[in-house]
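# Secondary and tertiary structure notes
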Amino acid sequence: MKELKSSYPVLEQAKAHTYINSDKYDAMYKQSIEQPDIFWAEQAEEFLDWYKPWDSVSDVDLKTADIKWFSGGKLNVSYNCIDRHLVSKANDTAIIWEGDDPSDDKKITYQELHDHVCRFANLLKARGVKKGDRVCIYMPMIPEIGYAMLACARIGAVHSVVFGGFSTEAIRSRIIDADCKVVVTSDESLRGGRVIPLKVNVDAAVADCPGVHSVIVVQRTGGDVAWNDKIDVNYQEEVAKLPAACEPEVMDAEDPLFILYTSGSTGTPKGVLHTCGGYLLYAAMTHKYVFDYKEGEIYWCTADAGWITGHSYIFYGPLANGATTLVFEGVPTYPDAGRFWQVCDKHQVNVFYTAPTAIRALMSVGDSFVEKADLSSLRLLGTVGEPINPEAWHWYYEVVGKNNCPIVDTWWQTETGGILITSLPGAVDMKPGAAGKPFFGVKPALFDKDGNTLEGEDQGLLMITGSWPGQLRSVYGDHERFYQTYLSQYPGNYFTGDGARRDEDGFYWITGRVDDVLNVSGHRLGTAEIESALVLHPAVAEAAVVGYPHEIKGQGVYAYVTLMNNATESDELLKELTEFVAKELGRFAKPDYIQYAPGLPKTRSGKIMRRILRKIAENDLDTLGDTSTLADPAVVDNLVSNRIVHG
Ligand code: 6R9
């Protein structure tokens, strides 16, 4: 087998060295830690335009979960992402849109973006949306999803984007939790040539949400959809009547910008709350330094706007920096597995940012698809969402990047707003599989289970000491849950839920979640959510879901279900349950395997022992461990003998 290099020094990162080198990184990092307020004040002045300066740079008390950055400072996020660029960039491309069908694309200039966003903002106002109101956005990856987000930001409304792959139940619970009065959606979406019925899902969700008075429908396919004159609003017809000017609302840096739901280890998804000033600064600054973004370059992040990566690195960060950002509607494998590379070639993409799961999937079909495209415009590559295995890293570096493009492996979370640990082009060496070093102002720490800080080379729970401007401020509607979930474990520190190893050079290697959160194809999924979907089915009494290693997806979903007394096991029921999860939660959450479990292994206090279920799903029976504390050890024998052995 070919030997894989374990480290690539900075000097080998041929194509990207614009802003920082190792000395400058060390000096800036030192200042960001030793004099944070001076450091962040300088950055906030450099990166953003303010109507009024802040009263204090940071005002943070993690013990009382009170986090403020730049409070008293006034700004508008949409002004910063659009209006201020009009002086010099009105006719520059803000968004390149590439449709699901390769013949479908368009370019939107900053001026056009301004006009669309203003019209959209005026439509929201006409439907009664005011500063502080919440708007749910459930849309395909078309430019209008960006217009909708920026229109909310313009008038001070708080958006809650729900990933277009989620289904009815997920939409309904998110609308109710944030008490949204308005939903923005499309008739249908197109993914890989398939039509997905977005409005049907919204209609079903809204039927149980009496608070929703308007559903704004952006036509995408023109497909036939049910129409309720009382609440449905035809976007194209209405915006045509509205002016392309809308004064931005003056917002406090600490006013909410958006809510984004994310899965945790227990309970319902949490509405992670981000605010205007700190979030935008952090997104813009990381976008510039991590991607070494230079004016005029074409930048493409393949994420969906329904996830935090799409928020920070398709829209807010790049647009704040006046970049050209590519918005892709389709999937990596349609019309064939060369799509990503054809799009890079067609639009002369310079910076390309994607997920390891996509890299593994495209690597598995061989090099020929990559070789057919001219990728000479590529200068820098990035990954996000999960650890990247060294084989996939090398394929990305050698076959896609031709040994000539640095790779930034960016570790961060919905809660962190932007990238916290990464390699930095020109400044930090690349080690395939390692996330790298902390970004400016970020202090990672490793803890053992008893709360002791670990120094030097070691492995433990990854915590972040102190605050940074992009940190979440609360869990929407439940500040106590925010404190309990993230700040109560080791006071003064933010609990990430990930484990990590620090090597002899101070590089961080993320080892994965330490809780019951799965990472399926880079999508974060709570086992609790899939279990709740399964038990909604009338035949299911109880369900337990675990992850197992999956070659392409990173993790696969393995579910154990206990049936109601009156239900009978059958292959049809298994299929039905799988489709049921798809219908309730979304196709991407479908279990790969479901095993009937007459009983689940539980402690005497009734807690499901997931450790044992994980081992059985992984077919790792030698280390099942001690089962004597189980209420009924015999259930394990049954599960082991009926386990599904997979490849
Ligand atoms: C941005 C995003 C967060 C979780 C996080 C971790 C995993 C993300 C990673 C990574 C290893 C990386 N994760 N980036 N693991 N290396 N470069 O993905 O946010 O959807 O909230 O997921 O994803 O486990 O805790 P989110």
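Quick caveat: nothing in here was measured; it's all calculated off a predicted structure. (Residues numbered from 1 in each chain as written. Predicted model: local features only at pLDDT ≥ 70, side-chain atom pairs only at ≥ 80, totals over all residues. Heavy atoms only, no water.)

## Digging into the overall build of the protein
The cut-off we apply is this: We count a stretch as a helix when DSSP gives it H or I for four or more residues in a row; a strand needs E for two or more, and each element gets its number in order from the N terminus. Taken over C-alpha atoms, the radius of gyration is set against a globule rule of 2.2 Å times the number of residues to the power 0.38. Burial classification: accessible surface area is computed with a 1.4 Å probe over protein chains only, and a residue below 20% of its type maximum counts as buried, one above 50% as exposed, and the rest as partly exposed. By definition in these notes, contact holds between two residues if any of their heavy atoms fall within 4.5 Å. For the accessible areas, the method is Shrake-Rupley and the probe is 1.4 Å, while residue cover comes only from the protein chains on display. Two residue types count as positive, namely Lys and Arg, and two as negative, namely Asp and Glu; His and chain ends fall outside the count. For this purpose, a charge sits on NZ of Lys, CZ of Arg, CG of Asp or CD of Glu.
Helices and strands together make up the secondary structure of the protein, namely 20 helices and 33 strands. A compact globule built from 647 residues should have a C-alpha radius of gyration of about 26 Å, and the protein, at 24 Å, falls within 12% of that. With the C-alpha coordinates of the protein rotated into their principal frame, the extents come out at 75 × 65 × 55 Å. Evaluated residue by residue, the protein yields a buried proportion of 60% over its 647 residues. Taking the contacts inside the protein whose residues are at least 6 apart along the sequence as the reference set, 71% of them involve residues at least 24 apart. Split by element, the accessible area of the protein, about 24,000 Å² in all, is 49% carbon and sulfur. With 61 positive and 88 negative side-chain charges, the protein shows a separation of 2 Å between the mean positions of the two kinds.

## Some points on the state of the cysteines
Put simply, the test is: Cysteine sulfur atoms are paired as a disulfide whenever they fall within 2.5 Å.
Scanning the entire structure with this criterion turns up zero disulfides. Of the cysteine sulfurs around Cys276, a residue in no disulfide, the closest is that of Cys81, at 11 Å. As a non-bridged cysteine, Cys344 has Cys405 as the owner of its nearest cysteine sulfur, 10.0 Å distant. You can call Cys344 buried: its relative accessible area is 0%.

## Remarks on the domain arrangement of the protein
The line we're drawing: These domain boundaries are the output of an automatic or database domain assignment. Here the buried area means the combined drop in accessible surface, using a 1.4 Å probe, for two parts upon being joined, counting both sides. The term salt bridge refers to a pairing of a side-chain nitrogen on Lys or Arg with a carboxyl oxygen on Asp or Glu at a separation within 4 Å. What qualifies as a polar contact is a pair of N or O atoms within 3.5 Å, subject to a donor-acceptor requirement within protein and to the restriction that residues adjacent in sequence count only when both atoms come from side chains.
Each domain of the protein was delimited in the assignment, giving domain 1 (102-249) and domain 2 (521-642). Each of domain 1 and domain 2 was reduced to a C-alpha centroid, and the two centroids are 36 Å apart. Facing nine residues of domain 1, the contacting portion of domain 2 comprises 10 residues. At the boundary of domain 1 with domain 2, total buried surface from both sides reaches about 630 Å², with 53% on carbon and sulfur atoms. The largest per-residue losses of area from domain 1 upon contact with domain 2 belong to Phe166, Ser167 and Glu169, which jointly make up 52% of the total buried on that side. The tally of links between domain 1 and domain 2 comes to one salt bridge. The tally of links between domain 1 and domain 2 comes to five residue pairs in polar contact (both at pLDDT 80 or more). Looking at the side of domain 1 that touches domain 2, the element that brings in the most residues is helix 7 (residues 168-178), giving four residues.

## Describing the sheet that holds strand 14 (residues 256-262)
To keep it simple, the criterion reads: By this definition, two strands are paired if DSSP reports at least two bridges between them. To obtain an axis, a line is fitted to C-alpha atoms, over the contacting stretch when the element is a helix, and the angle between two such axes runs from 0 to 180 degrees between their N-to-C directions.
Ordered in space as 12-11-8-6-7-14-15-26, the eight strands form an open sheet in which the pairing is mixed. Only two strands of the sheet have a single partner each, and these edge strands are strand 12 (232-234) and strand 26 (474-475). By the bridge criterion, six bridges tie strand 14 to strand 15 (residues 270-275) in an arrangement that is antiparallel. Paired with Pro256 across the bridge in strand 15 is Thr275. Where helix 11 (residues 308-320) meets the sheet, its contacts fall on strand 7 (158-161), strand 14 and strand 15, and the angle it forms with strand 14 comes to roughly 140°.

## Thoughts on the side chain of Asn76
With respect to the helices and strands, Asn76 occurs in the loop between strand 3 (74-75) and helix 3 (77-81). The class of Asn76 is buried, set by a relative accessible area of 0%. From its side chain, Asn76 meets the backbone nitrogen of Tyr79 in a polar contact 2.9 Å long.

## A closer look at the site of the ligand
Under the convention used in this document: We call a residue near a given molecule or strand whenever any one of its heavy atoms falls within 4 Å of it.
Looking at the ligand, there are 17 residues lining it, with Asp409, Thr410, Thr414, Asp498 and Arg524 nearest. With respect to the ligand, the backbone of Glu386 contributes an N or O atom lying 3.4 Å from a nitrogen atom. At a separation of 2.8 Å, an oxygen atom of the ligand approaches a polar side-chain atom of Arg513. Out of a free accessible area of 530 Å², the ligand has 96% covered by protein chains.

## A look at helix 16 (residues 479-487)
For clarity, the cut-off: Taking the helix axis as origin, the arc is that swept by the directions to the C-beta atoms.
Listing the buried residues of helix 16 in full gives Phe482, Tyr486 and Leu487. The buried residues of helix 16 occupy one face: seen down the axis, they fall within an arc of 70°.

## Observations regarding the nonpolar core
Formally: What is meant by a nonpolar core is a set of buried Ala, Val, Leu, Ile, Met, Phe, Trp, Tyr and Cys residues, joined one to another through side-chain atoms within 4.5 Å.
Core analysis: the biggest nonpolar cluster contains 126 residues, and Phe70, Leu113, Ile137, Phe291, Tyr316, Leu424 and Phe440 have the highest contact counts within it. It is helix 10 (residues 276-290) that provides the largest number of residues to this core, a total of 10 residues. With residues near it in sequence (within four places) discarded, Phe70 still touches Trp40, Ala44, Trp50, Trp54, Ser56, Val57, Ala253, Gly278, Leu281 and Pro469. If you look at the next biggest cluster of nonpolar residues, it comprises 47 residues, including Val202, Val561, Ala589 and Ile594.

## Some points on the packing of helix 13 (residues 356-363) against helix 15 (residues 390-400)
Test applied: Orientation labels follow simple angle bins: below 35 degrees gives roughly parallel, above 145 gives roughly antiparallel, 65 to 115 gives roughly perpendicular, and whatever is left gives oblique.
Orientation of helix 13 relative to helix 15, taken along the N-to-C sense of each, is 75°, at an axis distance of 10 Å. Between helix 13 and helix 15, the angle falls in the class roughly perpendicular. For the pair helix 13 and helix 15, the contacting residues are Ile359, Arg360, Leu362 and Met363 in the first and Glu391, Ala392, Trp395 and Tyr396 in the second.

## Considering the UniProt feature "binding site: ATP" (unreviewed entry) in the protein
The condition is simple: UniProt positions are given in the numbering used here, feature names are shortened, and annotations may be inferred rather than shown by experiment.
Taking the numbering used here, the UniProt-annotated feature "binding site: ATP" (unreviewed entry) corresponds to Gly385, Glu386, Pro387, Asp409, Thr410, Trp411, Trp412, Gln413, Thr414, Asp498, Arg513 and Arg524. Structurally, Gln413 can be placed in the loop between strand 20 (407-410) and strand 21 (421-422). Here Gln413 falls in the buried class, since its relative accessible area comes to 4%. Setting aside its immediate chain neighbours within four residues, Gln413 contacts Ile308, Tyr494, Thr496, Asp498, Arg513 and Arg524.

## What about the pairing of strand 4 (residues 93-98)?
Taking burial as the measure, the six residues of strand 4 include six buried ones, the bulk of the element. Sheet topology note: the strand 4/strand 5 (residues 105-109) ladder contains five bridges and is antiparallel. Looking at strand 5, one finds that Ile96 is bridged to Lys107. Count of turn residues in the strand 4/strand 5 antiparallel hairpin: six residues. Summarising the sheet, strand 4 and strand 17 (residues 324-328) pair through four bridges and their orientation is parallel. Paired with Glu98 across the two strands is Phe328, which belongs to strand 17.

## Here's the deal with helix 18 (residues 571-584)
To be explicit about the condition: A helix is expected to reach a length of 1.5 Å times the quantity of its residues less one.
Its 14 residues place the ends of helix 18 20 Å apart at the C-alpha level, agreeing with the 20 Å of an ideal helix rising 1.5 Å per residue. Of all the residues in helix 18, the buried ones are Leu573, Leu577, Thr578, Phe580, Val581, Ala582 and Glu584. Against the buried residues of helix 18 lie helix 7, helix 17 (527-535), strand 31 (540-550), strand 32 (554-563) and strand 33 (593-596).

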